[in-house]
Every structure is written in C-alpha cells, then in structure tokens.
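Inside the fold
What follows is each chain in one-letter form.
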Amino acid sequence: MSKPASMAIREFEEKLEESINNSGLPPVIVEMVLRGYYIQIKEMAKRQADEEEAAFKSEVRDNGE
C-alpha cells in the first residue's frame, strides 16, 4: 500500500527543512542551490505532463471517448 500524498508531502517538507537547517549554509547559498533544483524539477514536471497528455490523447483516439 502506498503512502497517501499528504503524508509523503509532509515528510518531504520536514526532511527538506531539516536538511536546510542542518546544512550550516547561509540563506543566499541555499536559495542558489534550490533554484537549480527548481529548474530541473520544473522541466521534469513539464515532460511528465506532456507525456500524460499524449498518452491520454492516444487512448482516446484508439478507444474513442
């Protein structure tokens, strides 16, 4: 059984906050690091959305509405 999204999100947020607080890095550096990750995640999310849309359209085309 997979974990509910709300629990996974909460755990992710807690771990991220803990990592940031324990890093000892100044906020300006944390911001730079996170910005790089954000750009990568944004590209991955766009790719996933495009793939899901293409799969849906293909299924509709093959099976009708």
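Look up: the structure comes first, before these words.
My aim in this report is to walk through the structure given alongside it, one point at a time. Please read these numbers as outputs of a predicted model, since none were measured by experiment.

Procedures and definitions
- Numbering of residues starts from 1 in each chain and follows the order in which that chain's sequence is written.
- A pLDDT threshold of at least 70 governs which residues receive local features in this predicted model, and a stricter bar of 80 or more applies before side-chain atom pairs are shown or counted, although totals over entire chains, interfaces and linings include all residues.
- As a rule here, side-chain values cover all heavy atoms of the structure and leave hydrogens and water aside.
- Strands here are runs of E lasting at least two residues and helices are runs of H or I lasting at least four, both read from the DSSP assignment and numbered beginning at the N terminus.
- For the radius of gyration, the atom set is restricted to C-alpha positions; the globular benchmark scales as 2.2 Å times the number of residues to the power 0.38.
- Exposure is judged per residue with a 1.4 Å probe applied to protein chains only, and the accessible area is read against the type maximum: over 50% gives exposed, under 20% gives buried, and values in between give partly exposed.
- Computed with a 1.4 Å probe, the accessible areas rest on the Shrake-Rupley method; for each residue, only the protein chains presented here act as cover.
- Only four residue types enter the tally: Lys and Arg on the positive side, Asp and Glu on the negative side, with His and both chain ends excluded.
- One atom stands in for each charge, and that atom is NZ of Lys, CZ of Arg, CG of Asp or CD of Glu.

Before going further, it helps to spend a moment on the overall build of the protein chain. For the protein chain, the helix and strand inventory stands at two helices and zero strands. Over its C-alpha atoms the protein chain spans a radius of gyration of 18 Å, topping by over 25% the 11 Å that the globule rule assigns to 65 residues. Counting only C-alpha atoms, the protein chain reaches 55 × 30 × 10 Å along its principal axes. Expressed as a percentage of the 65 residues in the protein chain, the buried residues total 2%. Carbon and sulfur atoms provide 58% of the accessible area of the protein chain, an area that totals close to 6,200 Å². For the protein chain, the centre of its 9 positive side-chain charges and the centre of its 14 negative side-chain charges are spaced 3 Å apart.

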